[in-house]
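These are the residues of each chain, in order.
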Amino acid sequence: MTEKSGDYARLVADASRRAFSDMIDLAIDTNCRFVVLAGDVFDGDLRDTQCGLFFINGMARLQKAGIRVFMILGNHDAENRFARHLHVTDNVHLFASHKAETRRMEDLGVAVHGRSFGSRKVEDNIARHYPAPVPGLFNIGILHTACEGREGHETYAPCTVEQLVNHGYQYWALGHVHTREILHENPYVVYAGNLQGRHAREAGPKGASLVTVRDGAVMTVEHQVLDAVRWASTTVDLSTAATHVDMTGLIRHVGHDLLAQAQGRPLALRLELTGTTPLHASLIRAAHDLQLEIETILASISDEIWLERLRVHTRQPERPVVLDPSTGGRIAADIRHAATPDALREELARILTTVLDRMPAHSRGEEMRDSILRDVPGHAVDLALMLVENPEGAPDANQ
């Protein structure tokens, strides 16, 4: 399984390039007249020259097919030295960052307006300063923005949907948010999303928007799925599972469904087990064995499924409150009385504060702290009770 994890890590690392290449193929195969890139083509400063050459080759393929490209820089690639000096092929126009500008295509009856980010943080409402629409042409605005705010995204270049609608353009192509979303129709205000999900929080189909315009009006805005690897994050409720056989059936059912939704793509799965189940003690007691067991279940469905992460948030069924006079019973009562999750959480928070003070600012320590405080205290109480009340382990899984 370790070898498979390494294979998937390499597959995911190459997925964005594969999706980008498929986007180029899509543009050529559908006879697109031009392509719009709304920022964040590159992630930070370019360290891998092969990445730059890959992009140049893609633009050259579009040029050979007679397809023009209009692009802006977003918050990620604003700091990219390669992108700032982008002189690749004559079909590519990179919009300036000091002010919004307009490029006309008289042969198509189109005017494209855009402005690149000059730095990573653009906190002004730059859309207010975009040029007025060109009369008689189909006007497209390219803008990298969080618009009215999106969870998980910095509020760069804030604006409102109403503002964009009233600006007079027929189409706004928005970047920055990685989820596809149509904010308005007539005129269209569209987040195409990213071509490839980068992690489990970017689950579901990813791709590009294929826009058809006829006689100055948008006819269709079609989502074209291009991701090379599909991320999925799902929960399996084990409330009805009394045995490992029951659990296997539930996980297998979910695996089949997700694989079908991936439509032949490799699937990277983040799985969470929840619910009140008598399996709880065995699940948290043998975490490594559980990981291997679920990987085996998924492998029996397809070798194209990778268990990227497993989380166990199950609960032990409540036991009747009875007085157990034995030594074990008194210890269990003391654990329930003194070692409540809230009490452990308070002590753990004190310890973590000291640890986090020594960690680098960019290490996502707060996220780690929240995860530990959420999961560890409850598991600690469960393990302590299990050792006292069921020292031999869980019942036979086949019973």
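On a predicted model such as this, the values are computed, not experimentally measured, just so you know.

Engineer: An account of the overall build of the protein is requested, with residue identities and associated values reported.
Structural biologist: Helices and strands together make up the secondary structure of the protein, namely 10 helices and 14 strands. Expressed as a percentage of its 399 residues, the buried residues of the protein come to 42%. Excluding contacts between residues fewer than 6 apart, the proportion of contacts in the protein whose partners are at least 24 apart in sequence is 67%. Of the roughly 21100 Å² of accessible surface on the protein, a fraction of 51% belongs to carbon and sulfur atoms.

Engineer: So, the sheet that holds strand 14 (residues 305-315): which residues are in play, and what are the values?
Structural biologist: A sheet is described by the order of its strands in space; here 3 strands give the open sequence 12-13-14, paired in parallel fashion. Each of the sheet's edge strands pairs with one partner strand only, and the pair in question is strand 12 (230-237) and strand 14. On average, adjacent strands in this sheet sit at an angle of 15 degrees to one another, irrespective of strand direction. Sheet analysis places strand 13 (residues 267-276) next to strand 14, joined by 10 bridges and oriented parallel. Within the sheet, the bridge partner assigned to Leu 271 lies in strand 14 and is Leu 310. The sheet strands contacting helix 7 (residues 287-301) are strand 13 and strand 14, and the helix crosses strand 14 at an angle near 130 degrees.

Engineer: Break down the environment of Val 92 for me, with residues and values.
Structural biologist: The residue Val 92 is located in strand 3 (residues 92-94) in this model. Expressed as a C-alpha distance, the spacing of Val 92 and Ile 67, which sit 25 residues apart in the sequence, is 9.1 Å.

Engineer: Give a description of the nonpolar core that names residues and reports values.
Structural biologist: Grouped together as the largest cluster of nonpolar side chains are 25 residues, with contacts concentrated most on Ile 251, Leu 271, Leu 273 and Ile 294. Elements with a contribution of two residues or more to this core: strand 12, helix 5 (244-261), strand 13, helix 6 (280-285), helix 7 and strand 14. Ranked by residues supplied to this core, first place goes to helix 7 with 5 residues. Excluding residues that lie within four positions of it along the chain, Ile 294 makes contacts with Ile 251, Leu 271, Leu 273, Leu 307 and Leu 310. Ala 78, Tyr 169, Trp 172 and Leu 174 belong to the second-largest nonpolar core, a separate cluster that totals 21 residues.

Definitions and limits used
- Residues numbered from 1 in each chain as written.
- Predicted model: local features only at pLDDT ≥ 70, side-chain atom pairs only at ≥ 80, totals over all residues.
- Heavy atoms only, no water.
- Helix = DSSP H or I, 4+ residues; strand = E, 2+ residues; numbered from the N terminus.
- Buried < 20%, exposed > 50% of the residue type's maximum accessible area, 1.4 Å probe, protein only.
- Contact = heavy atoms within 4.5 Å.
- Areas by Shrake-Rupley, 256 points an atom, 1.4 Å probe, with all protein chains shown as cover.
- Pairing = 2+ DSSP bridges.
- Axes fitted to C-alpha atoms, helices over the stretch in contact; angles between N-to-C directions.
- Core = buried A, V, L, I, M, F, W, Y, C linked by side-chain atoms within 4.5 Å.

On their own, these measurements won't tell you what the molecule is for.
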